[in-house]
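# Understanding the architecture of this molecule
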Amino acid sequence: MDIKETAWPLDGAGVSALLRSLPARPLLLGLGEARHLVEDLGSARNEIFRHLAEHEGYRCFAIESDCLMGLLVDDYVTRGEGTLDDVMRRGFSHGFGALEANRELVRWMRSHNDKHDDKLRFFGFDGPLEYWAASPRQALTALYDLLEDPPARTVVTRQTLEELLGPDERWSDEATATDPSRSIGRSAEALRLRVIADDLVALLETQVPRLNPRDRWRAELYGRTAVGLLRYHHGMAEDSPHRWGRLSALRDAMMAANLSAVAEHGPALVYASNLHLQRGESLMPFGERTLRWWGAGAITAARLGDRYAFLASAFGTVGEDVPPPDTVEGALSALPWERCLLDARRLAETVTAAGSGPRRSRDFAYFPLDPARLGGIDGVVFLRRVTPTPF
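Residues numbered from 1 in each chain as written. Predicted model: local features only at pLDDT ≥ 70, side-chain atom pairs only at ≥ 80, totals over all residues. Heavy atoms only, no water.

- In the nomenclature of an unreviewed UniProt entry, the chain is known as Erythromycin esterase family protein of Streptosporangium jomthongense.

Quick look at the structure:
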């Protein structure tokens, strides 16, 4: 089979053709990043989402960014609260608010919603963490406020909650990433807060009938974020060789729980690293070891089956790094389009027959396509040349 027969140009017709090639209409469509901070991919993602929203009935966009910060962006795009500059500064984690493609997406979503009653929604689906975790204060106190007195006071008083939380600096110490002894995740206060968080979530279940849909959804977000953060802090205090594998798994479990909630409002386009969204087990070099864990995409696919689909991204030339012709990216670079979409399973047959091997990129932040794993991917978004933003 000619590799060109597996591909479509990356345009609206190509996106719709790829969707029709899937076994079922996805409720969540994952678009993976082969590398963070690539404006070219962000621009292609925006075009894909606009087509999905205008022609395929997609209503939501979710990104690998702090789920609590994302509420500010959603309030802006749905209700016009705040300013674009403010939500780009305070509504994204990981530095993603500085990317022009993200700014353009938020601007377009707000403009679209000004003209339509059926609003597009924006979600962050990562926890308030990356290599270390934030304080659970925002999640716990916001949940407490939504539950109101007297029900919440039967679990803990506001004063006791504040005393147990203490200064946020104790929780957000970046040094805990390399030094477990700096973490307070197994202190007496943290252990008591884990019980309190569980009790507040249980109380929320008894209060659901009195909450409006918006408050219910947010209360559930605050509850699972508080529980997830306290679990993560507990893991940060573990001094063992398995520490980072477990932390990676806990983070993706939080992502998967948030994606399940996003699916209530779907269909949605989900944007995150290929490692988080792929169906198979995630592998990442970490010092002298390789971390292995099931990512958010693998967990979500196990729950949704064919209602979850995953498009991996891949790049040809990354900065000055040119792919060898005997790699998947090298073969794709010979196609006649600068940007294209590919049926990954048909592509797998083609590159296997051609004997294409995995690429070794000089860009440490780029995760190449593995030809052995193409069978577990639904599609590939390929850009022939990209210029990454420096970290």
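### A look at the side chain of aspartate 66
- Here aspartate 66 is to be found in strand 3 (residues 60-66).
- Although buried, aspartate 66 forms no salt bridge, and the nearest oppositely charged side chain, arginine 251, lies 10 Å from it.
- A polar contact is formed between the side chain of aspartate 66 and the backbone nitrogen of methionine 69, at a distance of 3.2 Å.
- Those residues in contact with aspartate 66, other than ones at most four positions away along the chain, are Ser93, Gly124, Asp126, Gly127 and Pro128. (Helix = DSSP H or I, 4+ residues; strand = E, 2+ residues; numbered from the N terminus. Buried < 20%, exposed > 50% of the residue type's maximum accessible area, 1.4 Å probe, protein only. Lys, Arg positive; Asp, Glu negative; His and termini not counted. Salt bridge = Lys/Arg side-chain N within 4 Å of Asp/Glu carboxyl O. Polar contact = N/O pair within 3.5 Å; in protein donor to acceptor, adjacent residues only side chain to side chain. Contact = heavy atoms within 4.5 Å.)

### Here's the deal with the sheet that holds strand 5 (residues 268-273)
- On the basis of which strands lie adjacent, the open sheet formed by eight strands has the order 1-9-10-8-2-5-3-4 and mixed pairing. Because the sheet does not close on itself, it has two edges, and the strands there are strand 1 (7-9) and strand 4 (121-126). Along the sheet, successive strands turn relative to each other by an average axial angle of 25°, direction set aside.
- Here five bridges tie strand 3 to strand 4, and the two strands are oriented parallel to one another. (Pairing = 2+ DSSP bridges. Axes fitted to C-alpha atoms, helices over the stretch in contact; angles between N-to-C directions.)

### Here's the deal with the pattern of salt bridges
- Under the defined criterion, the tally for this structure stands at 31 salt bridges.
- Of the charged contacts, one joins glutamate 162 and arginine 137 as a salt bridge, the two residues approaching to 2.4 Å between their closest N and O atoms. Of this pair, glutamate 162 sits in helix 7 (residues 158-165) while arginine 137 sits in helix 6 (residues 137-147), placing them 25 residues apart in sequence.
- Using a relative accessible area of 29% as the deciding quantity, one classes glutamate 162 as partly exposed.

### Here we look at helix 10 (residues 243-262)
- Taking 1.5 Å per residue, 20 residues should reach 28 Å; helix 10 reaches 29 Å between its end C-alpha atoms and fits that length.
- Burial within helix 10 is extensive, with 14 of its 20 residues counted as buried. (Expected span 1.5 Å × (residues − 1).)

### Re the packing of aromatic side chains
- All chains considered together, the criterion is met by nine aromatic pairs.
- A ring pair is formed by tyrosine 131 and tryptophan 244, whose centres lie 6.0 Å apart and whose planes are at 70°; its orientation type is edge-to-face. One end of the pair, tyrosine 131, is in the loop between strand 4 and helix 6; the other, tryptophan 244, is in helix 10, with 113 residues separating them in the sequence.
- Overall, the relative accessible area of 43% leaves tyrosine 131 in the partly exposed class. (Phe/Tyr/Trp six-rings, centres within 6.5 Å; stacked < 30°, edge-to-face > 60°.)

### Concerning the side chain of asparagine 258
- Assignment of secondary structure puts asparagine 258 in helix 10.
- In this structure asparagine 258 comes out as buried when scored by relative accessible area, which is 4%.

### Focus on unusual backbone geometry
- Residue proline 267 follows glycine 266 across a cis peptide bond; omega there is 5°.
- Relative to the assigned elements, proline 267 resides in the loop between helix 10 and strand 5.
- Although it is not a glycine, leucine 37 adopts a positive phi angle of roughly 60°.
- Inspection of the secondary structure puts leucine 37 in the loop between strand 2 (28-33) and helix 2 (39-55).
- Positive phi, normally seen in glycine, also occurs at histidine 94, with a value near 60°.
- Inspection of the secondary structure puts histidine 94 in the loop between helix 4 (84-90) and helix 5 (100-115).

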